[in-house]
Amino acid sequence: MSKGTILRIVDVQVYSVAVPRIYRTFVAPAGGHAVEGKEASRYLLFELIGDNGTSGLGEISDIEESWNPPTPSELRELLAATLYGQDVANRNAVWDVFCESIPADTHLELRRLMTASVEMALLDLAGKQYGMPLYELLGGRCREALLVSWVIYIRGTEDMEREVQEKVNEGFTAFKMKVGEDFDLDCERVRLFRRIAPDPYLKADASGEWEEDEAIEKICRLAELGVDAVETPVRAVARSVAKEKTHQVNDAPHEAAKSLARIRDAVPIQIIEHVSDFDEAFALALTRHRAVDVFNVVPCQAGSIRKAQRLIHLAEAAGIQALLGSTVELGVGTAAALHLGLASKGVTVASDLIGPGLMSDDVTSPRFEFESGHLRAPDAPGLGVSLDPEKLERYGIETSG
């Protein structure tokens, strides 16, 4: 399609699916997840259909029922009200209108996931209109593949031993281990990991389970055992805060940043912190106080690739490394994040895009596969993936009318 051709959105189709994980996953309680863990994830997927039959795909990832998410029909109605008849060439203005149309009582995280999903669908359509992969629209590819860290959830040592050995054999050279529930067990698991994998990079994710002094003591101990970095160490910025009480950080970003800075000054390894969920003032405070070594940027939790790019550029300008975090996406969400990673020079730490391995199946074609711990994006226009009708039916819960 030529660049001057108008492409208007004329229809929307929405799907709700639930896809099992390869095992029930657990994180520390401060992470805001149910104690019983998670064995499956629910997603809302949709197609924005252009007047030439082209479709742009969006994904709302890993939905919690406590958010009171919309039904497929409700989401279709909301999308149709703001997107029907709109020209994809005006996608930024169209996206702004959609963001303003989201009901005021929508859960904070759900709102961000919704805005991110519409942006990725509009970008997918634009890439197809211009005949180029999404990474070209984001500035051009600066690497061939993105390094991924396999995430080890909280589980028994026997299960963990098999998992780590399997992933080492598959060529993974970077790992993230969920910790924070039982520190003695955490230490045992780190020791076991290092017996199996003495060389790979290892970051420990505490999900915000510790108070400041406790975090310093435990991080120093983990460093002695061979951990290279710790993510989200302190309760002030716990994942539960990011999901439910962002105002606690947004109203006092320098206080949270100073707490992390005190931890960073007192420990011998890197500190990683999520920045996507909060106002950008928090990221600026982290740079001002030299509070962290690495930004964890989750594109869908940022609410848009646009904001995620700003955060990565901010980190790069401040001499801070960055990685791409994950909510455990299916193929559509993984593709969007992957294209961003391929186009972002500042993403220099192994990212957490493990959806293709943690989910037992996917509803997109082609399905992403790890190559020695790396992911490659399709070279097809847009996101480069399409929905698989058979898989949508297999895992489907409900479809919009």
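Preceding block: the structure.
Everything numeric here is computed off the predicted structure, so don't read it as measured data.

With that settled, the discussion passes to the environment of Gly355. With respect to the helices, strands and loops of the structure, Gly355 is situated in helix H15 (residues 355-358). Between the C-alpha atom of Gly355 and that of Glu329, which follows or precedes it by 26 residues, the distance is 5.1 Å.

Tracing the backbone shows Ser344 in the loop between helix H14 (331-342) and H15. You can call Ser344 buried: its relative accessible area is 6%. A distance of 2.6 Å separates the side chain of Ser344 from the backbone oxygen of Leu340, its partner in a polar contact.

As a further point, take a negative patch on the surface. A cluster of acidic side chains, namely Glu181, Asp182, Asp184 and Glu188, defines a negative patch on the protein surface. With respect to the helices and strands, Glu181 occurs in the loop between strand S6 (174-178) and helix H6 (183-196).

Let us look at the sheet that holds strand S3 (residues 55-63). The strand order across the open sheet formed by four strands is S3-S2-S1-S15, and the pairing between neighbours is antiparallel. Every other strand in the sheet has two partners, leaving S3 and strand S15 (396-399) as the edge strands with one partner each. Along the sheet, successive strands turn relative to each other by an average axial angle of 20°, direction set aside. Pairing of strand S1 (residues 9-25) with S15 involves three bridges; the strand directions are antiparallel.

As a further point, take the packing of aromatic side chains. Scanning the model with the defined rule gives seven aromatic pairs in all. With centroids separated by 5.8 Å and ring planes inclined at 65°, the aromatic side chains of Trp150 and Phe172 adopt a geometry described as edge-to-face. Taken together, the residues span a long stretch of sequence, with Trp150 in strand S5 (residues 150-152) and Phe172 in the loop between helix H5 (157-169) and S6 at a distance of 22 residues. Considering the side-chain rings of Phe175 and Phe193, the 5.1 Å spacing of their centres and the 75° angle between planes classify their relative orientation as edge-to-face. One end of the pair, Phe175, is in strand S6; the other, Phe193, is in helix H6, with 18 residues separating them in the sequence. Classification of Phe193 as buried rests on a relative accessible area of 0%. The structure contains a cluster of three or more aromatic residues connected by ring pairs, namely Trp150, Phe172, Phe175, Phe193 and Phe370. The residue whose ring lies beneath Arg155 is Tyr23, and the NZ or CZ to ring-centre distance is 3.6 Å. Taking NZ or CZ as reference, Lys167 lies 4.1 Å from the ring centre of Trp150, over its face.

To continue, consider the sheet that holds strand S11 (residues 321-324). Taking strand neighbours across the sheet as the criterion, the seven strands line up as S5-S6-S7-S8-S9-S10-S11 in an open arrangement whose pairing is parallel. Each having just a single partner strand, S5 and S11 make up the two edges of the open sheet. Ignoring strand direction, the axes of neighbouring strands in this sheet form an average angle of 25°. Where strand S9 (residues 270-274) lies against strand S10 (residues 294-297), three bridges are found, and the strand directions are parallel. Among the inter-strand pairings, Ile272 is bridged to a residue of S10, identified as Val294.

Parameters at a glance
- Residues numbered from 1 in each chain as written.
- Predicted model: local features only at pLDDT ≥ 70, side-chain atom pairs only at ≥ 80, totals over all residues.
- Heavy atoms only, no water.
- Helix = DSSP H or I, 4+ residues; strand = E, 2+ residues; numbered from the N terminus.
- Buried < 20%, exposed > 50% of the residue type's maximum accessible area, 1.4 Å probe, protein only.
- Polar contact = N/O pair within 3.5 Å; in protein donor to acceptor, adjacent residues only side chain to side chain.
- Patch = residues over 30% accessible without salt bridge, like charges linked within 9 Å, V, L, I, M, F, W, Y side chains within 5 Å.
- Areas by Shrake-Rupley, 256 points an atom, 1.4 Å probe, with all protein chains shown as cover.
- Salt bridge = Lys/Arg side-chain N within 4 Å of Asp/Glu carboxyl O.
- Lys, Arg positive; Asp, Glu negative; His and termini not counted.
- Charge placed at Lys NZ, Arg CZ, Asp CG, Glu CD.
- Pairing = 2+ DSSP bridges.
- Axes fitted to C-alpha atoms, helices over the stretch in contact; angles between N-to-C directions.
- Phe/Tyr/Trp six-rings, centres within 6.5 Å; stacked < 30°, edge-to-face > 60°.
- Lys NZ or Arg CZ within 6 Å of the ring centre and 35° of its normal.

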